[in-house]
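Next come the chains, spelled out residue by residue.
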Amino acid sequence: MLRIITQQADVRAELQRICDRTHDEQVLHKEATVREVLQAVKRQGDKAVLHYTAEFDKQTLKAEELRVTGSELDAAYQQVSKELLGAIRLACRQIEAFHRQRVPKSWVHFGDDEVVLGKRYTPVDRAGLYVPGGRAAYPSTVLMNAIPAHVAAVPHVVMVTPPGPGGAINPAVLVAAQEAGVQEIYRIGGAQAIAALAYGTETIPKVDVITGPGNIYVTLAKKLVYGTVGIDSLAGPSEVLVIADETANPVHVAADLLAQAEHDPMAAAILLTTDAALAKNVQLALERQLVDHPRRIDTEKAIAHYGLIVLVESLEAAAELSNEFAPEHLELEIKDPWALLPQIRHAGAIFLGYSTPEAVGDYLAGPNHTLPTSGAARYASALGVETFLKHSSIIQYSQTALQNVASAIDVLATAEGLPSHADSVRRRIQQED
Ligand SMILES: NC(=O)c1ccc[n+]([C@@H]2O[C@H](COP(=O)([O-])OP(=O)(O)OC[C@H]3O[C@@H](n4cnc5c(N)ncnc54)[C@H](O)[C@@H]3O)[C@@H](O)[C@H]2O)c1
Ligand SMILES: N[C@H](CO)Cc1c[nH]c[nH+]1
Ligand SMILES: [Zn+2]
C-alpha cells in the first residue's frame, strides 16, 4: 500500500530517507562487496571478471567468450520484429536530432590587446558504455549512451551488459548497439564490468570515461572508480516525483508511479498533491494496477519502501519539497505547469502536462534518459555529448601583451612565494637567457 502522509508530520525526514537510499548505512555492506570486486579485477583481470560473472550472474564463461561475436550480431537482426527495428530506428533519429543541437564548439578570440584566448573541444579516446541487464533488457539505454558518444566523435566505443542464460545478450540490445555504432560488446555486468572498463583486463580495454545507468552495485562501482576514469553521473535506481493538483487523472498518475517503481526494488515513486481525494484515488488505482503486474514482487517492494504520497498545502510548497529531493524525473500533472516551472530548480528531466508521461522521455522524445538520481540532480545533469568531450584552454600572448601584465604577475607570484614563476616572465621581458 502506498502510504499517504501530511505535510506537517515528518515529510522532510521521509523524503530525505528515500533520497539517501543509495548512500545510507544499509548499503555499506554492498559497498564492501563492490570494493572487493574492484580490487580483485584490478589485480587478477579476466580471472576475477569470470569469477564474479559466475557468482552474481550465474553464467560460467571463458575469457574468449566475453566478447560478442560478429555472427551473434548478425543473427540478432533476424530475432527482432520489423516493428521493434522500426521503433529503434525512430528513437535513434529523435535522440540524435536532440543531441546534435548545441554541441559545444571550439572557439578562439583574437583580442585587440594582442592576446589570443579560446577553448578547444576534443573527444575522449575511449568510452565504455554500461547497459543494464539484470532485471530488464534496455535497448533504449544503448541508444541514450551510444548516440551522444557518436555525435561527440569518440573514436573507440565499447559496451558492456550482463549476460543472460547461456551467456546470451538480448537481441534488441545487440541491434540497438549496431544501429548506434558501438564497436565492441562484452557480456559482463555489475561492479566487475565497471572495474574491467576502469582498469582494463587481458580481454577488455581500459577506457577514459564510463557512462550509463545501473543498479546499486553499478552505481557504487562508478562512484569508486571516479578519478581513475571519468563518469557521467551517479545514475542509479530510477525515481519519479509527480506534482499533481485536483485536475490530474489518478489512474494516469498511478501508472506513472508504477512505471518507475517497476525498474528496481530500490526505485522511488513519490506523489506530492494538493488534493486529498486525488491522493486516495491514486492509492486505489495503484493497488488495482498492481494486481496482475508481471513484475509485482519487486515493484511492490519499491512502493513499500520508497513510495510515498504527500498532501501539501500549495503547489509552491510542493515545488520546494521537490527541489529538496532533486528527483531524476519530475512530472507536473497540474492545470498550468508552465506557471510552476520557474520554481523548479533541481530535477534531471521535467515532464509538463497531462499528455507527457515520463515513458516518452525514457524511449524516444530525444533528451537523454540517463539521469542523476538520489539527489545528484542538485549538481549533475543528464548524460550528453559533452560527457564525452573535454576542452583545452588556448592562450597566446605577444611580447607586448606580456609586457603589459608582467608587473601584475610579478606581484602575484611574489605574494605566493613562487619566485620562478615571476622569473619566467621577467626573463622574457628583459630578453635574458
Ligand atoms: N538513472 C537512470 O538514468 C537509469 C536509467 C535506466 C535504468 N536505471 C536503473 O538501472 C538499474 C538496472 O538494474 P538491473 O539490476 O536491472 O541491471 P544492472 O545491469 O544494473 O545490474 C545487474 C548486475 O548487478 C550485479 N549484481 C546483482 N546482484 C548482486 C549482488 N548481490 N552482489 C553483487 N552484484 C550483484 C550483477 O553482476 C548483475 O550483472 C535499475 O536500478 C534502474 O532503475 C537507471
Ligand atoms: N526510466 C529509466 C531511467 O530511470 C529509463 C528507462 C529505460 N527503459 C525504460 N525506462
Ligand atoms: Zn523507465
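Definitions and limits used
Residues numbered from 1 in each chain as written. Chains lettered and ligands numbered in written order. Predicted model: local features only at pLDDT ≥ 70, side-chain atom pairs only at ≥ 80, totals over all residues. Heavy atoms only, no water. UniProt positions renumbered as here; feature names shortened; annotations may be inferred. Buried < 20%, exposed > 50% of the residue type's maximum accessible area, 1.4 Å probe, protein only. Helix = DSSP H or I, 4+ residues; strand = E, 2+ residues; numbered from the N terminus. Right-handed = clockwise from strand over helix to strand, strands pointing away. Near = heavy atom within 4 Å. Polar contact = N/O pair within 3.5 Å; in protein donor to acceptor, adjacent residues only side chain to side chain. Areas by Shrake-Rupley, 256 points an atom, 1.4 Å probe, with all protein chains shown as cover. Nonpolar A, V, L, I, M, F, W, Y, C, P; charged D, E, K, R; others polar. Phe/Tyr/Trp six-rings, centres within 6.5 Å; stacked < 30°, edge-to-face > 60°. Lys NZ or Arg CZ within 6 Å of the ring centre and 35° of its normal. Contact = heavy atoms within 4.5 Å. Axes fitted to C-alpha atoms, helices over the stretch in contact; angles between N-to-C directions. Parallel < 35°, antiparallel > 145°, perpendicular 65-115°, else oblique. Left-handed = near helix turned anticlockwise from the far one by under 90°. Salt bridge = Lys/Arg side-chain N within 4 Å of Asp/Glu carboxyl O.

Taking an unreviewed UniProt entry as the reference, the chain is identified by name as Histidinol dehydrogenase belonging to Nostoc commune NIES-4072. Listed under Sequence similarities (unreviewed entry) in UniProt, the entry text for the chain is "Belongs to the histidinol dehydrogenase family." In its Pathway (unreviewed entry) section, the UniProt entry covering the chain states "Amino-acid biosynthesis; L-histidine biosynthesis; L-histidine from 5-phospho-alpha-D-ribose 1-diphosphate: step 9/9."

Draft legend 1. Geometry of the pairing of strand β10 (residues 268-273). By the criterion of burial, β10 is predominantly enclosed, with six of the six residues buried. The alternating pattern of β10 places Ala-268, Ile-270 and Leu-272 and Ala-269, Leu-271 and Thr-273 on opposite faces, both of which are buried. Once you follow strand β9 (residues 239-244) into helix α10 (residues 250-261) and on to β10, the crossover reads as right-handed.

Draft legend 2. Focus on the site of ligand 2. Around ligand 2 sit Tyr-138, Ser-140, Ser-238, Gln-260, His-263, Glu-328, His-329, Glu-358, Asp-362, Tyr-363 and His-369, and those are all the residues in its vicinity. Ser-238 places a polar side-chain atom, nitrogen or oxygen, 2.7 Å from an oxygen atom of ligand 2. Within the complex, the protein chains bury 91% of what would otherwise be the 290 Å² of accessible surface of ligand 2. Top contributing element to the shell around ligand 2 by residue count: helix α15 (residues 358-363), with three residues. Here the shell around ligand 2 is composed, by residue class, of two nonpolar, six polar and three charged.

Draft legend 3. Main features of the packing of aromatic side chains. Under the criterion given, the structure shown has one aromatic pair. Positioned over the ring face of Tyr-306 is Arg-21, at 5.8 Å from the centre of the ring.

Draft legend 4. A look at the environment of Phe-325. As for its position among the elements, Phe-325 is in helix α13 (residues 315-325). Once residues within four sequence positions are removed from consideration, Phe-325 is found in contact with Leu-15, Ile-18, Cys-19, Glu-239, Leu-241, Ile-270 and Gly-375.

Draft legend 5. A look at the packing of helix α2 (residues 28-44) against helix α9 (residues 216-225). Where α2 meets α9, the closest approach of the two axes is 9 Å, and the angle between their N-to-C directions is 60 degrees. Judged on the interaxial angle alone, α9 and α2 are oblique. α9 is crossed by α2, and the crossing has right-handed handedness. Note on element contacts: α9 touches α2 through Ile-216, Tyr-217, Leu-220, Ala-221, Leu-224 and Val-225, opposite Lys-30, Glu-31, Val-34, Arg-35 and Leu-38. By residue class, the composition of the contact of α2 with α9 is eight nonpolar, no polar and three charged.

Draft legend 6. Spotlight on the pattern of salt bridges. Scanning the model with the defined rule gives 15 salt bridges in all. With its nearest N and O atoms 2.9 Å apart, the salt bridge here joins Glu-300 to Arg-296. Placement of the pair is Glu-300 and Arg-296 together in helix α12 (residues 296-306), with a separation of four residues, close to one helical turn. We classify Glu-300 as partly exposed; its relative accessible area is 31%. One network of salt bridges, with partners in common, ties together Asp-410, Asp-423, Arg-426 and Arg-427.

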